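So the chains spell out like this:
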Amino acid sequence: MRPLRSPASFHRDTEDPVAHSLVFPIYQTSSFLMPEGEHYRYGREWNPTVEELARKMDMLEGTPSSTCFSSGMGAITSLLLSHLRPGSRLLIHRDMFSRTYRFAREFLASFGVSVSVAEPGSEEFIRMVRSEKPDMALLESVTNPVLRVMDIPRIAEACREVGARFIVDSTLATPVNQKPFGMGADAVIHSASKFLSGHNDVIAGTLSGREEIVRRADDMRRNLGSTLDPQSAFLVMRGLRTLEVRMERINRDAERVAEELCSLEHVRDVIYPGLKEHPDHDISRRVLCHPGGVITFHLSEDIDPQAFMRALGVVAPANTLGGVFSTISQPYTMSHRGLSEEEKEKLGITRGMMRLSVGLEGADAIVEDIRGAISRARLYSPHLGQ
């Protein structure tokens, strides 16, 4: 296992043998001369810039092997398709990104994979690992959008007991706030489009972990064509250089914003792992260095969510998170729109639920923008005066 390194030191780890550039270059080519370039062969197979990003992910996660994909979903689907087959058993949980949930419940189930779904929370997941004895258990370390914090060490122990491969999507936690591989996970997935790249200008995914797991997923990547392009790999590496300092600011401001939201009129049920009222607050203190930069809250019923989002000025309504810009989304109509009404109800995803990703504008500016947007949205609320 390679030693853990700070992202800020990555610029000193260049392995560019030609120009010895301070910043690793973009190898914008579809193919390579043979036999000298046989290691890379063809752009869909591998690329030096993409390989450098994978090397940096190993350093960041403390893993022996990493590979990269054209998106976070490319990483998830390639991993699942490479390790599961008809008759395999997969355990997931209901409160996860809806595309991951639907891929498992709809596509993999139709493919003959037995898919079991745990309700939110670590205890239920651990119980089902032991009772269902899955071949693979896939979870989000901080779930999207209800922000439950999963007890990675205890779940890893349960998976070892039954021989299940344990995969953690750590997109919301980030490697700054948590390193699941060191807690017993077999592999770690990131949507690098989010906090890793951090500038809302690239789509990418990564997988880091045990060599056998990563190798099989990488072989599937070559078959499916979910290959990351070198320009996007370059942008993710640029983001990694500032990941630590960005997360330090985001972590600090998110805590302040969450506390302020608790006292705002027309805001209820603020969900943030750093709040003592959070159901997993104690787990969060054990498994996370910091609760992170995402906050979920509900608007009261007299506030129209669409009017609220239109009234925002600093915070941008957008179906993403993890960037330098603060963004907000309505999971009911955006990230989790594909769930049935029954599934949304089970998770508490109402029309008034908002998922806020804290950026770098400053806690005061973010809170004042939300306060002002609520005030302006009330003018257009159909419930006003009723």
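No experiment lies behind these values; they were computed from the predicted model shown.

### Quick notes on the nonpolar core
If you look at the biggest cluster of nonpolar residues, it comprises 64 residues, and the most contacted ones within it are L261, I295, F297, F308 and L356. For L261, the residues in contact, after removing those within four places along its chain, are V267, V270, I295, F297, L356 and I370. Listed in part, the 31 residues of the second largest apolar core include M96, A104, V113 and M353.

### Observations concerning the sheet that holds strand β10 (residues 316-317)
A sheet is described by the order of its strands in space; here five strands give the open sequence β8-β9-β12-β11-β10, paired in mixed fashion. Each end of this open sheet is capped by a strand with a single partner; those strands are β8 (267-271) and β10. Of the strand pairs in this sheet, β8 and strand β9 (residues 294-299) are connected by three bridges, and their pairing is antiparallel. Paired with R268 across the strands is H298, a residue of β9.

### Focus on the sheet that holds strand β7 (residues 205-209)
Taking strand neighbours across the sheet as the criterion, the seven strands line up as β1-β7-β6-β5-β4-β2-β3 in an open arrangement whose pairing is mixed. Lying at the two open borders of the sheet, with one neighbouring strand each, are β1 (65-69) and β3 (114-118). Within the sheet, the average angular offset between the axes of one strand and its neighbour, ignoring direction, is 20°. Strand direction decides the pairing type here: strand β2 (residues 89-93) and strand β4 (residues 136-140), joined by two bridges, are parallel. Within the sheet, the bridge partner assigned to L90 lies in β4 and is M136. In the packing of helix α7 (residues 211-224) onto the sheet, contacts are made with β1, β5 (165-169), β6 (187-191) and β7, and the angle to β1 comes to roughly 25°.

### Overview of the packing of helix α2 (residues 72-83) against α7
At a minimum axis distance of 8 Å, the contact between α2 and α7 shows a crossing angle of 110°. Put simply, α2 runs roughly perpendicular to α7. Listed contacts from α7 to S78, L79, L81, S82 and H83 of α2 are E212, I213, R216, A217, M220, R221 and L224. Looking at the contact of α2 with α7 residue by residue, the classes come out as six nonpolar, three polar and three charged.

So, how was this worked out
Residues numbered from 1 in each chain as written. Predicted model: local features only at pLDDT ≥ 70, side-chain atom pairs only at ≥ 80, totals over all residues. Heavy atoms only, no water. Core = buried A, V, L, I, M, F, W, Y, C linked by side-chain atoms within 4.5 Å. Buried < 20%, exposed > 50% of the residue type's maximum accessible area, 1.4 Å probe, protein only. Contact = heavy atoms within 4.5 Å. Pairing = 2+ DSSP bridges. Helix = DSSP H or I, 4+ residues; strand = E, 2+ residues; numbered from the N terminus. Axes fitted to C-alpha atoms, helices over the stretch in contact; angles between N-to-C directions. Parallel < 35°, antiparallel > 145°, perpendicular 65-115°, else oblique. Nonpolar A, V, L, I, M, F, W, Y, C, P; charged D, E, K, R; others polar.

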